[in-house]
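Now for the letters of each chain:
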Amino acid sequence: MGAEVAAGGGSLPGFLGRKSRYARMDDVLPPEPEDGGGVRVRGSSSRRYVFAYSVFASLNHVLLGYDVGVMSGCIIFIQKDLRITEVQQEVLVGCLSFISLLGSLAAGRTSDAIGRKWTIGLAAAVFQAGAAIMTFAPSFAVLMTGRLLAGIGIGIGIMVAPVYISEISPATLRGTLASFPEIFISFGILLGYVSNLVFAGLPDHINWRVMLGAGIVPSISIAFVLLVIPESPRWLVMQSRAGDARAVLAKVSDSEEEAQERLAEIEEAACATASGKAAWRELLRPSPVVRRMLITGLGVQFFQQATGIDALVYYSPTIFRDSGMTTESQLLAATVAVGFSKVAFIVIAIVLVDHVGRKPLLYISTIGITVCLAVLAASLALLARGVLPTGAAIGLAVATVCGFVAFFSVGIGPINMVLSSEIYPLRLRAQAVGIGFALNRMASGGVAMSFLSICRAVTVAGAFTAFAVVSAASVVFVHLFVPETSGKTLEQIESLFGGGGGVTSGEVELGDAEHLEHKRLVTR
């Protein structure tokens, strides 16, 4: 048929490393003529719309990142001002993750009831209320009340944005765009670190309040977002609003033909929703296909946090102090370096995720994290025994912590969100992603709330040795259970797990080839 392309720039990695014989149609089409002649091939305006909508939908993730980053410095001054105990510090830091899982679970039902768009707005409003309470809290109890409310808002926001982005994006851009929430988390963490450094010089009873209050500013922008972004076309179809869905798809697709094809795929998937079992019942008693999806989705969510990222982000001053740093200015400056590393490498991941593929980046990420954790644990152990000089220990601590967040950000950090939002069928997507983020938050909370106690029991070096073992297990998990989903439509991905109504992987490839040939004929 002439649609076959040579393996190389246009080929896509398949399940367990297998290469697809066919390129996606948008990867090989010529550029749009500048003189306006010929047939339109690439819709630059539609790409701009999708890009803008993805950025706007990701703004809530700045709130999560800011809260995580700013609390690493705030906790130092809160302890001085409110005189809280070490256990209270752990609870204050870790409770956000646990309470946010309730928000993630609620967001699945909420986003199906009121839509993805308005759930994004609800998340921002709840967070604003919590942040305001924390800013003016006169006691630890009131501070905890505000933090719990903020956690619910964050839990709602981190679940709904990846779902919205994956449902509005074309297959060839979905990996890149679904990575946006992670870069906004990283940017928020960096803002939190910078806030710590900037406001640390204020009196102890004021500085931490200013740091927390500044987190309200990004959430105000969500009011503008709600006026700009459209509703998810897949949610509109689920509400029997095919006309509205067609209008949205026409804006984010390269042509009317493509918009109609995407609408037909969504409507076909929605038909299965109407005649299938209730989503929660199917998730609790999954078929073999859904079970494989859950293993992949939940496993990636778990390992993203169980390898210790929140321990490094929340308690990086503690880690650097253990390596030999002494002054607060040094500790906070080192955390800013960590924040810059996280932001820089998440940008690299966004560039690579749709070109290199999900699975190769996960290999690089998990292997790199394992090495960094092992080196950090070894250096702290050698310092404790007096074998390693303090200067070398500080250098290794900064280098390995920055290396950890770099490898995290180039792989499992953003790809966790990409996979979680694209592997489930439409009828299960919102609820399954909610469960995944709930597990993610539980793992995050467990790490954050137990880290100081574990360090006291087995030393900081022992804690990071345990994280290194878990990280090594994540490499094995990626090899055995994670398929390559790059370049597939959301409706085709089900076939990678043995589903799709009997559609095999080979049939999916053939469909792509026929689609490519059709496009070639049109553009001649």
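Throughout this document, residue positions are counted from 1 along each chain, in the order its sequence is written. The predicted nature of this model means local features are confined to residues of pLDDT at least 70 and side-chain atom pairs, given and counted, to a pLDDT of 80 or more, with totals for whole chains, interfaces and linings taken over all residues. Side-chain measures here rest on the full set of heavy atoms in the structure, leaving out hydrogens and waters.

- Identification of the chain as Major facilitator superfamily (MFS) profile domain-containing protein from Panicum virgatum is taken from an unreviewed UniProt entry.
- UniProt positions are given in the numbering used here, feature names are shortened, and annotations may be inferred rather than shown by experiment. Quoted verbatim from the Sequence similarities (unreviewed entry) heading of the UniProt record, the comment on the chain is "Belongs to the major facilitator superfamily. Sugar transporter (TC 2.A.1.1) family."

## Quick word on the pattern of salt bridges
Pairing is possible between side chains of opposite charge, provided their charged atoms come close.
Alright, step 1. Think of a salt bridge as a Lys or Arg side-chain nitrogen and an Asp or Glu carboxyl oxygen that are within 4 Å of each other. All told, the structure shown has seven salt bridges when counted by the stated rule.
Alright, step 2. Close ionic contact of Asp254 with Arg47 constitutes a salt bridge, the shortest N to O distance being 3.2 Å. In this pair, Asp254 is assigned in the loop between α13 (242–252) and α14 (256–275) and Arg47 in helix α2 (residues 44–57), connecting sequence segments 207 residues apart.
Alright, step 3. Given the relative accessible area of 6%, Asp254 is considered buried.
Alright, step 4. With its nearest N and O atoms 2.9 Å apart, the salt bridge here joins Arg116 to Glu167. Placement of Arg116 in helix α5 (residues 116–135) and of Glu167 in helix α6 (residues 140–168) is noted, with a sequence separation of 51 residues between them. Runs of E in the DSSP output that reach at least two residues are strands. Runs of H or I that reach at least four are helices, and both are numbered from the N terminus. Three exposure classes are used, based on accessible area relative to the maximum for each residue type with a 1.4 Å probe and protein chains only: buried under 20%, partly exposed in between, and exposed over 50%.

## As for the environment of Phe467
Alright, step 1. With respect to the helices and strands, Phe467 occurs in helix α23 (residues 429–481).
Alright, step 2. On the basis of relative accessible area, Phe467 is assigned to the buried category, the value being 10%.
Alright, step 3. Once the C-alpha coordinates of Phe467 and Val447 are considered, the two residues, 20 residues apart in sequence, prove to be 9.9 Å apart.
Alright, step 4. By the convention used here, residues are in contact when the closest approach between their heavy atoms is within 4.5 Å. When neighbours within four sequence positions are excluded, Phe467 is seen to be in contact with Ala306, Thr307, Gly308, Ala311, Leu373, Val447 and Phe451.

## Quick notes on unusual backbone geometry
Alright, step 1. Even without being glycine, Arg83 reaches a positive phi, approximately 55°.
Alright, step 2. Its location among the elements puts Arg83 in the loop between α3 (60–82) and α4 (86–114).
Alright, step 3. One non-glycine residue with positive phi stands out, namely Thr459, at about 75°.
Alright, step 4. Of the residues examined, Thr459 reaches a relative accessible area of 46% and is grouped as partly exposed.

## Some remarks on empty space enclosed by the protein
Alright, step 1. The way it works is a 1 Å grid over only the protein atoms, where trapped points that fit a 1.4 Å probe form a cavity and open points with protein on both sides within 12 Å along at least five of seven lines form a pocket, and then any residue with an atom within 4 Å of a point lines it. Grid points are joined across faces, edges and corners, and a volume is the space filled by probe spheres set on the points. On inspection of all chains with the given rule, the structure shows four cavities of 30 Å³ or more.
Alright, step 2. The calculated volume of the largest cavity comes to roughly 170 Å³.
Alright, step 3. Residue assignment for the lining of the largest cavity shows that the elements contributing at least two residues are α3, α8 (180–199), α16 (288–306), α17 (309–314), α22 (412–422) and α23.
Alright, step 4. When residues are grouped by polarity, Ala, Val, Leu, Ile, Met, Phe, Trp, Tyr, Cys and Pro land in nonpolar, Asp, Glu, Lys and Arg in charged, and all others, Gly among them, in polar. Split into classes, the residues belonging to the lining of the largest cavity amount to 10 nonpolar, four polar and four charged.

## Here we look at the nonpolar core
Alright, step 1. The set of buried Ala, Val, Leu, Ile, Met, Phe, Trp, Tyr and Cys residues whose side-chain atoms join them within 4.5 Å is what this entry labels a nonpolar core. Judged by nonpolar contacts, the single largest core of 141 residues is most densely connected at Phe404, Phe451 and Phe464.
Alright, step 2. With 17 residues, the top contributor of residues to this core is α23.
Alright, step 3. If we skip the residues at most four places from it in the chain, Phe464 touches Leu312, Ile319, Leu373, Leu376, Ala377, Leu380 and Phe451.

## Quick look at a nonpolar patch on the surface
Alright, step 1. A surface patch of nonpolar side chains, amounting to about 340 Å² of accessible area, comprises Ile295, Val476, Leu480 and Phe481.
Alright, step 2. If you trace the backbone, Val476 turns up in helix α23.
Alright, step 3. Residue class for Val476 comes out partly exposed when judged on its relative accessible area of 49%. For patch building, the residue pool is restricted to those with more than 30% relative accessible area and no salt bridge; the joining distance is 9 Å between like charges and 5 Å between nonpolar side chains (Val, Leu, Ile, Met, Phe, Trp, Tyr). Using a 1.4 Å probe, accessible areas were evaluated by the Shrake-Rupley method; residue-level cover was limited to the displayed protein chains.

## Some details on helix α21 (residues 390–410)
Each turn of an α-helix holds 3.6 residues, which means side chains three or four residues apart point in the same direction.
Alright, step 1. For a helix, the expected span equals 1.5 Å multiplied by the number of residues minus one. Given a rise of 1.5 Å per residue, 21 residues ought to cover 30 Å, and the 30 Å separating the end C-alpha atoms of α21 matches this to within 8%.
Alright, step 2. Those residues of α21 that sit buried are Ala393, Ala397, Thr400, Val401, Cys402, Gly403, Phe404, Val405, Ala406, Phe408, Ser409 and Val410.

## Notes on the side chain of Ser253
Alright, step 1. One can find Ser253 in the loop between α13 and α14.
Alright, step 2. Residue classification places Ser253 among the buried positions, given a relative accessible area of 3%.
Alright, step 3. Identification of polar contacts relies on pairs of N or O atoms within 3.5 Å, with a donor-acceptor requirement for protein atoms, meaning one able to donate a hydrogen and the other able to accept it, and with residues adjacent in sequence counted only if both atoms are side-chain atoms. For Ser253, the side chain forms a polar contact with the main-chain oxygen of Leu249, separated by 2.7 Å.
Alright, step 4. Contacts of Ser253, omitting those with residues within four sequence positions, involve Ser46, Glu258, Ala259 and Arg262.

## Here's the deal with the confidence of the model for the chain
Alright, step 1. Taken as a whole, the chain shows an average pLDDT of 79; of its residues, 85% reach a score of 70 or greater.
Alright, step 2. In the model of the chain, helix α1 (residues 25–28) stands out as the element of lowest mean pLDDT, 34, in contrast to helix α20 (residues 358–384), which has the highest, 93.
Alright, step 3. Predictor confidence is given residue by residue as pLDDT, running from a minimum of 0 to a maximum of 100. Residue range residues 1–42 is modelled with pLDDT below 50. Its contacts to residues more than four positions away, or to other chains, number 82 contacts.
Alright, step 4. Counting contacts from residues 500–524, a segment whose pLDDT is below 50, to residues more than four positions away or on other chains yields 45 contacts.

## Topic: helix α18 (residues 316–323)
Alright, step 1. For α18, the full list of buried residues reads Ser316, Pro317, Ile319, Phe320 and Ser323. Projected down its long axis, α18 shows its buried positions confined to an angular sector of 160°, all on one face.
Alright, step 2. Just past α18, the residue Gly324 takes up positive phi, approximately 130°. Arc definition: it is the arc formed by the directions from the helix axis to the C-beta atoms.

## Quick notes on the packing of aromatic side chains
Alright, step 1. Each Phe, Tyr or Trp ring (for Trp, its six-membered ring) is paired with any other whose centre lies within 6.5 Å, and the angle between the two planes then decides the class: stacked below 30 degrees, edge-to-face above 60, tilted in between. Considering all chains together, one arrives at 10 aromatic pairs under this definition.
Alright, step 2. On the numbers, 5.3 Å between centres and 85° between planes, the contact of Phe51 with Phe180 is edge-to-face. Note that Phe51 is positioned in helix α2 and Phe180 in helix α8, a separation of 129 residues in sequence.
Alright, step 3. Phe51 gets classed as partly exposed once you look at its relative accessible area, which sits at 47%.

## Topic: the packing of α3 against α8
Alright, step 1. Look at α3 against α8: their axes get within 6 Å of each other, and the N-to-C directions meet at 30°. Relative to α8, the element α3 is oriented roughly parallel. Read as a crossing pair, α3 and α8 show a hand that is right-handed. Within the contact between the two elements, α3 uses His61, Val62, Leu64, Gly65, Tyr66, Val68, Gly69, Val70, Ser72, Gly73 and Cys74 and α8 uses Pro181, Phe184, Ile185, Gly188, Ile189, Leu191, Gly192, Tyr193, Ser195 and Asn196. Axes here refer to lines fitted to C-alpha atoms; in helices the fit is confined to the stretch in contact. Angles between the N-to-C directions go from 0 to 180 degrees. Working rule for angles: under 35 degrees goes down as roughly parallel, over 145 as roughly antiparallel, 65 to 115 as roughly perpendicular, anything else as oblique. Left-handed is the label given to a crossing in which the near helix is rotated counterclockwise from the far helix by less than a right angle, and right-handed is the label when the rotation is clockwise.

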